[in-house]
There are 2 protein chains.
Amino acid sequence: MLSRHVYAMILEAFLYIDDGDHRVLRQFGLTPTQFSALKQLDVADGRRLTDLTELLLVDKSTVTRLIDRLEQAQLVRRVPDPDDRRAQRVVLTPVGLECREQARAAHELSIVQRMSDLSASEQQQLVVLLEKLCAPLRVKSTPS
Amino acid sequence: MLSRHVYAMILEAFLYIDDGDHRVLRQFGLTPTQFSALKQLDVADGRRLTDLTELLLVDKSTVTRLIDRLEQAQLVRRVPDPDDRRAQRVVLTPVGLECREQARAAHELSIVQRMSDLSASEQQQLVVLLEKLCAPLRVKSTPS
DNA sequence: CTTATATAGTTGCACATACAACTAACGACC
DNA sequence: GGTCGTTAGTTGTATGTGCAACTATATAAG
């Protein structure tokens, strides 16, 4: 059955991508999730944990513990939100910024390499097809 | 950058698929991993834990604990391997077989539904492109 | 203002996952 | 037939993940 084959290939492609991400980021002592979180932060205002929940599409309890570990590793800091005493803002430390930038460069490069078996037009086709597949997901977030 | 876009869409497609799998299998009290394991088992000879490690592409310690839980749930049984005293064979219980068959039917149906936004020819294109992307993975396992 | 509801975040519990260290048994080599 | 490297499986430790219950604060309703 064809649709089973598509299903299987999406899972395989994810494994391929995910495995590559682990390898690259491991050199910087980061997991893919930690790297995703660092990408959403800055050294100034930072973000609330709830913001990260929405950006990373994970449960708030996951974010709590993720930030716990990044804080232990001195890559981020929790600072009280000035406008809401319930909330905390998470900001990058200088070490965290440096770590993220190095990881980002290596990760970008690895993506280009891993995609290099597809031509630009094939990559374009793939994007179009996957967007069509995921269209049901986007119904709610596409207002007009 | 185009390759970043492909990367992002593969992750999004995986999230879409994985979320759907969770929802469907949850009705049968199974996680996607547990379901994958049940699909590899039978009621007769079964499989060794090591076989499952290779089939599921996870660490052997993951398989140990996965089978622990399936055994607690009475869906599988460990039986000693007659030919190798180090090994154990994992077989489905009648309950496990019944559970798997029901889950399988629902899962198959849901895959067809989730793919239904793509035409057959689009699905075919997607398979071709993803196979090309994953070609580096298959180098080792493609003898001729 | 008080009450009721909603939101921000943490914690307990369960499952998935990898890596490393370990035990037990297999196999090969002499 | 002992010794030694290999393999099967388990266990400890760390991370990621979701759900549910909980605390504290904010906000709306009256």
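See the structure shown above.
Model, not experiment: these values are computed from the prediction.

To continue, consider the side chain of R100 of chain A. Within the secondary structure, R100 of chain A sits in helix 5 (residues 94-114). Residue contacts for R100 of chain A: discarding those within four places in its chain leaves F35, L38, K39, L41 and L92 of chain A.

A separate point is the packing of helix 2 (residues 32-39) of chain B against helix 4 (residues 60-72) of chain B. Residues and elements named next belong to chain B. It is at 11 Å that the axes of helix 2 and helix 4 come closest, and there the two elements cross at 85°. The angle between the axes of helix 2 and helix 4 places the two elements in the roughly perpendicular class. Of helix 4, the residues touching helix 2 (which contributes T33, Q34, A37 and L38) are L66, R69 and L70. For the contact of helix 2 with helix 4, the residue count by class is four nonpolar, two polar and one charged.

This part takes up the sheet that holds strand 1 (residues 47-48) of chain A. Residues and elements named next belong to chain A. Read from one edge of the open sheet, three strands run 1-3-2, paired in antiparallel fashion. Across the chains shown, the open sheet's two edge strands, defined by having one partner strand only, are strand 1 and strand 2 (76-80). As judged from the two bridges shared by strand 1 and strand 3 (residues 88-92), these two strands associate in the antiparallel manner. The residue bridging R48 from the neighbouring strand is R89, located in strand 3. Seen against the sheet, helix 4 (residues 60-72) touches strand 2 and strand 3 and runs at an angle of roughly 115° to strand 2.

Glancing now at the environment of F35 of chain A. Residues and elements named next belong to chain A. In this structure, F35 sits in helix 2 (residues 32-39). Considered as a pair, F35 and L11 are 24 residues apart in the sequence and their alpha carbons are 22 Å apart. Apart from the residues within four sequence positions on either side, F35 is in contact with L25, L30, R100, A103, R104 and H107.

Analysis parameters
- Just so you know, the residues in each chain are numbered from 1, in the order the chain's sequence is written.
- Chains and ligands are labelled by the order in which they are written, letters from A for the one and numbers from 1 for the other.
- It should be noted that, the model being predicted, local features are given only for residues of pLDDT at least 70 and side-chain atom pairs only at 80 or more, the latter also being counted only at that level, while totals for whole chains, interfaces and linings use all residues.
- Working from all heavy atoms in the structure, the side-chain values ignore hydrogens and water.
- Segments assigned H or I by DSSP are reported as helices when at least four residues long, segments assigned E as strands when at least two residues long, and all are numbered from the N terminus.
- Whether two residues are in contact is decided by their heavy atoms: any pair within 4.5 Å suffices.
- Axis definition: a line fitted to C-alpha atoms, over the contacting stretch in the case of helices. Angles run 0 to 180 degrees between N-to-C directions.
- Oblique is the label for any angle not under 35 degrees, not over 145, and not in the 65 to 115 range, which are roughly parallel, roughly antiparallel and roughly perpendicular in turn.
- Residues are sorted three ways: Asp, Glu, Lys and Arg are charged, Ala, Val, Leu, Ile, Met, Phe, Trp, Tyr, Cys and Pro are nonpolar, and all the rest, Gly among them, are polar.
- Here the rule is simple: two strands pair whenever DSSP picks up at least two bridges between them.

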